[in-house]
Amino acid sequence: VCAFEPNAIVSDACASYETLDHINAGLHPYINAITTNTDFFSFYRLNLYNKKCPFWDDEGGMCGNIACAVNTLENEDDVPLVWRAKELGKLEGPKAQHPDRLEQQEREAQRPLKGQLGADVGESCVLEYDDECDERDYCIPEDERSGSKGDYVSLVDNPERFTGYGGAGAHQVWEAIYRENCFAKPQPEKDNEELSTGMSSSPFGFSNLQQAQAAQDLRNVIKEHGVQQGLEKAIAKGDSSWPFDENLEFEDSCVEKRVFYRVISGMHASISTHLCNEFLNQTTGEWGPNVDCYAQRLHHHPERISNLYFNYALLLRAAGKLRAHMSNYQFCSADPQQDLLTKGLVLSLANAIPAGPEIFDESTMFVGPEAVGLKEDFRNRFRNVSRVMDCVGCDKCRLWGKLQTAGYGTALKILFEFDENDSSNDPPLRRTELVALVNTLDRVSTSLNSIREFRKMLEAREARE
Ligand code: FAD
């Protein structure tokens, strides 16, 4: 295995798709068992309902939510209840309340003191009200956003799949997220308010990165399949009504900006893969893979699939970097048997991940004279992406959007703030961060499997035609 090079625009030459697919075939069963069979990793604490969108008015008639954006109430009345977008987007299953502070203190009093367990007791045993914002975080901790602890939600009971959420409301959110990518180039026309929120007003500011990738992808396709198919692909992509053009050329772009864009685009690609793979056929009422959905959103956009693989490499590297941390981790679920099982699974996974920067080498990032400022900018912009998630107008989508943003934020924190050889200065890792990281890895790992299946389905269909 050789490293997935963050500096390369499309880097399937080295850590190839096949290599990552091969690694994933071995790891997926562990990842999936951890996220579905353990309480620790299948319940996620977040603040889903109590926060307003901080960037625009998502109430009333403004197109920030599903009711006004796509499925107006009149339209929804025309479809059976179970197929209505709002019904599909609802959360299901038991939703445990977070124990209040007194209850937590009582539980804590029953646990052995930190000193009695030794110096290596994990942070998870320091109960969750101890969550504090660390300046090295890439996400806004849920508590800090609202002052409330939120609820535990079962991730198993609320699978990420097609919900019917879309249209102007969803586009507004994606647009705001991609706009966060226009950093590193000072924008003198920004006023102070924009600077303080980090939101840019330039509609094309972010697209440099996409343009470079698209151009490079096009060159690769032309090299591999000839000019005709390359041009066909370019034309096929040109019909988007999306305000940002993924196909334009551009010049300068530093590796950090490219990585930022690829993380977002790869996350978007994974969400698209899940909703296409568990799609509701509104004619038969059955759930299943929708090949057209895959072809349209992913297959005809190879750079999105490339970004998905990129994210897999990035998340794996971060999870692998936690190996030593996890061997000392206390799971503290109040059920010692469960904790043993959880720990066994997590260690099996950690040991199966290729060691060192073999899959993804982050050491080329944030070096040089601008490193400190660039890193801070990168971090602030990623925090803004996590804030934008409060603008998602569908409960289930918001749940998975928040979880995955937190998962990538955790991965970035581990990649850039953790020292594999000396953990003494590592920032603390919250339970919610760990849960988000492993579930995000599961999302992408499952997406890679789905993409392989979709490819086969598409080939079979083309062979029949
Ligand atoms: P969108 O996916 O909305 O994309 C908008 C534009 O972005 C496209 O036209 C294209 O130009 C560009 N684009 C698309 N993909 C990429 C990519 N990978 N990289 C770069 N650019 C890209 N819907 C569900 O059914 N289930 C969910 O769980 C769900 N979760 C969501 C979570 C979040 C945070 C958000 C914002 C939306 C979610 N949605 C979900 C909605 C879903 O992502 C789409 O917005 C919706 O299906 C409409 O799709 P679309 O074809 O209009 O394009």
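Source: prediction; values computed, not measured. (Residues numbered from 1 in each chain as written. Predicted model: local features only at pLDDT ≥ 70, side-chain atom pairs only at ≥ 80, totals over all residues. Heavy atoms only, no water.)

Draft legend 1. Representation of the overall build of the protein chain. Counting secondary structure elements, the protein chain contains 20 helices and four strands. With an accessible surface of roughly 20800 Å², the protein chain has 51% of that area assigned to carbon and sulfur atoms. (Helix = DSSP H or I, 4+ residues; strand = E, 2+ residues; numbered from the N terminus. Areas by Shrake-Rupley, 256 points an atom, 1.4 Å probe, with all protein chains shown as cover.)

Draft legend 2. Just the site of the ligand, in detail. If you check the shell around the ligand, you find 27 residues, and the closest are Arg161, Thr163, His171, Ser265 and His268. One of the backbone N or O atoms of Thr163 is found 2.7 Å from an oxygen atom in the ligand. When isolated, the ligand has an accessible area of 950 Å², and the protein chains bury 90% of it. Listed by contribution, the elements that provide at least two residues to the shell around the ligand are α9 (167–179) and α13 (255–277). (Near = heavy atom within 4 Å. Polar contact = N/O pair within 3.5 Å; in protein donor to acceptor, adjacent residues only side chain to side chain.)

Draft legend 3. Here's a closer look at helix α15 (residues 302–321). For α15, which comprises 20 residues, the first-to-last C-alpha distance of 29 Å matches the rise-based estimate of 28 Å (1.5 Å per residue) to within 8%. For α15, the buried fraction is high: 18 of the 20 residues fall into the buried class. (Expected span 1.5 Å × (residues − 1). Buried < 20%, exposed > 50% of the residue type's maximum accessible area, 1.4 Å probe, protein only.)

Draft legend 4. How the structure looks around the confidence of the model for the protein chain. Looking at the protein chain as a whole, its pLDDT mean stands at 73, while 65% of the residues score no less than 70. Within the protein chain, helix α14 (residues 291–299) carries the highest mean pLDDT (97), whereas helix α10 (residues 192–197) carries the lowest (31). Low pLDDT, under 50, characterises residues 111–131; the stretch is placed with 42 contacts to residues that sit more than four places away or in other chains. Here the predicted complex carries an ipTM of 0.99, next to a pTM of 0.79. (pLDDT = per-residue confidence, 0-100. Contact = heavy atoms within 4.5 Å.)

Draft legend 5. Spatial organisation of the pattern of salt bridges. Under the definition given, this model contains 17 salt bridges. Of the charged contacts, one joins Glu175 and Arg179 as a salt bridge, the two residues approaching to 2.8 Å between their closest N and O atoms. Here the residue Glu175 and the residue Arg179 both occupy positions in helix α9, the gap between them amounting to four residues, near one helical turn. In this structure, Lys402 engages Asp390 in a salt bridge whose closest nitrogen and oxygen atoms are separated by 2.7 Å. You can see Lys402 sitting in helix α19 (residues 395–417) and its partner Asp390 sitting in the loop between α18 (371–388) and α19, a full twelve residues away along the chain. (Salt bridge = Lys/Arg side-chain N within 4 Å of Asp/Glu carboxyl O.)

Draft legend 6. Representation of the packing of aromatic side chains within the structure. Applying the stated criterion across every chain yields a total of 16 aromatic pairs. A ring pair is formed by Phe162 and Phe279, whose centres lie 4.3 Å apart and whose planes are at 40 degrees; its orientation type is tilted. With Phe162 in the loop between β2 (151–154) and α9 and Phe279 in strand β3 (residues 279–280), this residue pair connects regions lying 117 residues apart in the sequence. The same class applies to Phe162 as to Phe279, namely buried. The rings of Phe260, Phe366, Phe378, Phe382 and Phe416 are connected pair by pair, giving a single aromatic cluster. (Phe/Tyr/Trp six-rings, centres within 6.5 Å; stacked < 30°, edge-to-face > 60°.)

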